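Next come the chains, spelled out residue by residue.
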Amino acid sequence: MAQLLGEAEIQKKVSQLSGWTVAGKKITTQKVFKDFIEAIAWVNKLVEPAEAAGHHPDISISYNIVTVSLTTHDAGGLTAKDFALAEVISHL
């Protein structure tokens, strides 16, 4: 099982990610697109890196707004896996 990160390490790591915030035991980002088609196309880009990492985000889609949340469910909070995938997602 992945090791939970401490609060200081979480704050340090999230400060290095543009557009991500800590929300409880998750990190979250929101992306706004021109329309639904662009939003879905971007979500589809998440599939390959998430599968490769064996780490799957929680995704909410509301027309052109996509909210992505990451947490390591089996560890019960934030781990290095969350920040590694957030970094990849930030560059999509």
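Relevant structure appears above.
I will try to describe carefully the structure that is included in this document. (Residues numbered from 1 in each chain as written. Predicted model: local features only at pLDDT ≥ 70, side-chain atom pairs only at ≥ 80, totals over all residues. Heavy atoms only, no water.)

**Focus on the side chain of H55**
Following the sequence through the fold, H55 ends up in the loop between α2 (36-53) and β3 (58-62). H55 sits in the buried class, given a relative accessible area of 5%. Engagement of the side chain of H55 in a polar contact is seen with the side chain of D82, the distance being 2.6 Å. Residue contacts for H55: discarding those within four places in its chain leaves A50, L70, T71, T72, K81, D82 and L85. (Helix = DSSP H or I, 4+ residues; strand = E, 2+ residues; numbered from the N terminus. Buried < 20%, exposed > 50% of the residue type's maximum accessible area, 1.4 Å probe, protein only. Polar contact = N/O pair within 3.5 Å; in protein donor to acceptor, adjacent residues only side chain to side chain. Contact = heavy atoms within 4.5 Å.)

**A closer look at the nonpolar core**
Nonpolar side chains tend to gather and get buried jointly when the protein is soluble and globular. Counting residues in each nonpolar core, the largest one holds 20 residues, and the members touching the most others are W20, I27, W42, F83 and I89. Of all the elements, α2 adds the most residues to this core, at 5 residues. When sequence neighbours within four positions are dropped, the list of residues in contact with W20 reads V14, I27, T28, T29, V68, L70, A86, I89 and S90. (Core = buried A, V, L, I, M, F, W, Y, C linked by side-chain atoms within 4.5 Å.)

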